[in-house]
Amino acid sequence: MDSEFLLDPALCHLNHAAVGPWPRRTVEAVKRFAEENARSGSLRYADWLAVEQRLRERLASLIGAAATDIALIKNTSEGLSLIAQGLDWQPGDSIVGIAQEFPSNRIVWQALAERGVSWRALDLARSSDPEADLIALCDGSTRLIAVSWVQYASGVRLNLARLATWCRAHGVLLCVDAIQGLGALPFALPRYPADFVVADGHKWLLGPEGLGLLYVCPELRPRLRLTQFGWHMVEDAGDFDRTDWQPTADARRFECGSPNLLGAHALEASLSLLTEVGMDEVWRRLQKRTEHLITLLERRGFELLTPKDPERRAGIISFRVPGRSSAELYQGLMRQGVLCAQRGGGLRFSPHFYTPIERIERAVRILDGLLGG
Ligand SMILES: Cc1ncc(COP(=O)(O)O)c(C=O)c1O
């Protein structure tokens, strides 16, 4: 497995919650695709489409859906926008979310204000039971709960099974931004029956930017008004002489034009690695690393912003050093090769399953050095 990761040993890459590095096989897949393109143009386009189909199948099995339920999209923001703009809102409808959400999972819902739809947000910092508090914010006007599975800044992981069960029982839709969880820990639609799942491939999935997935529950698919149109989303796509058209019944109806085949080759290769290791094993190894990191941070008296409860976190560990500026520490860490982030008023470390334990320990030692230890 070590041979799959080519990271410069001088770097401590603890930034998978931002942009993950590509495994060796992804680098090779992109090189092969580029070579083939340069030498034989689109001669083997059918083979490229076969890779794209494999990608759909891999994404489908990652979330427990069928390949025909997966739309390949540009990014999470596009997926959330397709949902927000496609639902048949009535003036007075409301959406419930979280105040500390990543901007895309707030802005797309706030943009519906012009249609008389309001977005109500839970202050997660004041909640000890987020699912109960989200549910308490719902009333007769609430049509949708829109949350991230794992919060990008605090790393808080929601209990999706609990939310989904309540939503199903009360006729409220559930939209899950899964970008901070998919690839880090197992996901299964049968366990978390969300109506919408959206994610991008460039974080925990170790793929490129510019290619993500949108899952829309099959029963809802025809109810989502389409907002993008083109040759690719119709029945008989490729029959350019045909003048009548209708959208395909499957999730391809959300893909209006030419596919991102370069991205598909890359992401398919990255997912093949996660599949080989297995998501249970990926999660087991990642947990071992985050637990070790928590021990190191607590031993130093740092303030954890991510809950300690293993059920309430995933791969993100955020923390503050009391009395010290996170902005300054972040700059110092980055200068010394610790790739991390400054989020939610603290420092965010996000290792992955393959991160050498030594690299985590070195990052903390570098932090010690910055603190004069
Ligand atoms: C929770 C969450 N949603 C979405 C995104 C990114 O959205 P996109 O895929 O549109 O770039 C991020 C990136 O940090 C995120 O943390």
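Details of the structure are given in the entry above.
Predicted, not measured: the structure shown is a model, and the values here were computed from it. (Residues numbered from 1 in each chain as written. Predicted model: local features only at pLDDT ≥ 70, side-chain atom pairs only at ≥ 80, totals over all residues. Heavy atoms only, no water.)

1. Comments concerning the site of the ligand
Piece 1. Near the ligand the following residues occur: N75, T76, S77, F102, S148, Y152, D177, I179, Q180, D200 and K203.
Piece 2. S77 has a polar side-chain atom sitting 2.5 Å from an oxygen atom of the ligand.
Piece 3. One of the side-chain nitrogen or oxygen atoms of D177 is found 2.5 Å away from a nitrogen atom of the ligand.
Piece 4. Out of a free accessible area of 400 Å², the ligand has 87% covered by protein chains.
Piece 5. Looking at the shell around the ligand residue by residue, the classes come out as three nonpolar, five polar and three charged. (Near = heavy atom within 4 Å. Polar contact = N/O pair within 3.5 Å; in protein donor to acceptor, adjacent residues only side chain to side chain. Areas by Shrake-Rupley, 256 points an atom, 1.4 Å probe, with all protein chains shown as cover. Nonpolar A, V, L, I, M, F, W, Y, C, P; charged D, E, K, R; others polar.)

2. Re the sheet that holds strand β4 (residues 118-122)
Piece 1. Read from one edge to the other, the open sheet built from seven strands follows the order β2-β8-β7-β6-β5-β3-β4, with strand pairing classed as mixed. At either end of the open sheet lies a strand with only one pairing partner, and these are β2 (70-73) and β4. Direction aside, the axes of adjacent strands within the sheet are offset by 20° on average.
Piece 2. Here strand β3 (residues 94-98) runs beside strand β5 (residues 142-148); their pairing, made up of three bridges, is parallel. (Pairing = 2+ DSSP bridges. Helix = DSSP H or I, 4+ residues; strand = E, 2+ residues; numbered from the N terminus. Axes fitted to C-alpha atoms, helices over the stretch in contact; angles between N-to-C directions.)

3. Things to note about the environment of G315
Piece 1. Relative to the assigned elements, G315 resides in the loop between β9 (303-304) and β10 (317-320).
Piece 2. G315 gets classed as buried once you look at its relative accessible area, which sits at 0%.
Piece 3. Separated by 284 residues in sequence, G315 and K31 place their C-alpha atoms 30 Å apart.
Piece 4. Not counting chain neighbours up to four residues away, the residues in contact with G315 comprise W204, L286, T290, F349, S350 and P351. (Buried < 20%, exposed > 50% of the residue type's maximum accessible area, 1.4 Å probe, protein only. Contact = heavy atoms within 4.5 Å.)

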